[in-house]
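Topology and contacts: notes
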Amino acid sequence: MEKEHFEILLEEINSKFDLVLESHSALDVKIEKKFDQLNQKIEDVDFKVGVVNNRLNEVDIKLSKRIDEVDVKLSKRIDKLDSRMDKMDSRMDRLEKKVDGIATDLAEHRADTELHRAHG
């Protein structure tokens, strides 16, 4: 009877061991499925980050071009204003000389007029 009892016990242990192996196999399949899902999500995120990165690069290039265009336009305008200011400075210098000349002439005329009044 001991041999039969031992064989029954071994069959029971064997069936429970089979259950453990089946459970382990089922868990392995579930874990593998979750890893696959996680890997897919990571690939999706990587793709989206790549798209966003490309878009940012495009925006950066467009903004850089626009900034360069504005810089060129402003530089041209500033150069024109500088040129106008130089011309105005030159005109102001000539005008100051004329005014100084007129003031000198007027002072001489006044002195001459006063001299004539004193003698006359």
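Up top is the structure.
In short, a report on the structure. (Residues numbered from 1 in each chain as written. Predicted model: local features only at pLDDT ≥ 70, side-chain atom pairs only at ≥ 80, totals over all residues. Heavy atoms only, no water.)

Another point: the overall build of the chain. The number of helices and strands found in the chain is one helix and zero strands. Taking 2.2 N^0.38 as the reference for a compact globule, 120 residues should give roughly 14 Å; the C-alpha atoms of the chain span a radius of gyration of 50 Å, well beyond that estimate. Counting only C-alpha atoms and orienting by the principal axes, one finds that the chain spans roughly 170 × 25 × 10 Å. Computing the positive centroid from 23 side-chain charges and the negative centroid from 29, the chain places the two 14 Å apart. (Helix = DSSP H or I, 4+ residues; strand = E, 2+ residues; numbered from the N terminus. Rg over C-alpha atoms; globule rule 2.2 N^0.38 Å. Lys, Arg positive; Asp, Glu negative; His and termini not counted. Charge placed at Lys NZ, Arg CZ, Asp CG, Glu CD.)

So, about the pattern of salt bridges. Counted under the stated rule, the structure contains one salt bridge. With a shortest N-O distance of 3.2 Å, R55 and E58 are connected by a salt bridge. With R55 and E58 both in helix α1 (residues 2-119) and three residues apart, the pair spans about one turn of that helix. (Salt bridge = Lys/Arg side-chain N within 4 Å of Asp/Glu carboxyl O.)

On the surface, R66, K73, K76, R77, K80, R84, K87, R91, R94 and K98 cluster together to form a positively charged patch. Following the sequence through the fold, R91 ends up in helix α1. Here R91 falls in the exposed class, since its relative accessible area comes to 53%. (Patch = residues over 30% accessible without salt bridge, like charges linked within 9 Å, V, L, I, M, F, W, Y side chains within 5 Å. Areas by Shrake-Rupley, 256 points an atom, 1.4 Å probe, with all protein chains shown as cover. Buried < 20%, exposed > 50% of the residue type's maximum accessible area, 1.4 Å probe, protein only.)

Together, D79, D82, D86, D89, D93, E96 and D100 make up a negatively charged patch on the protein surface. Looking at the element boundaries, D82 is found in helix α1.

Another aspect to go through is a nonpolar patch on the surface. On the surface, L27, I31, F35, L38 and I42 cluster together into a nonpolar patch covering about 480 Å² of accessible area. When you line up the elements, F35 lands in helix α1.

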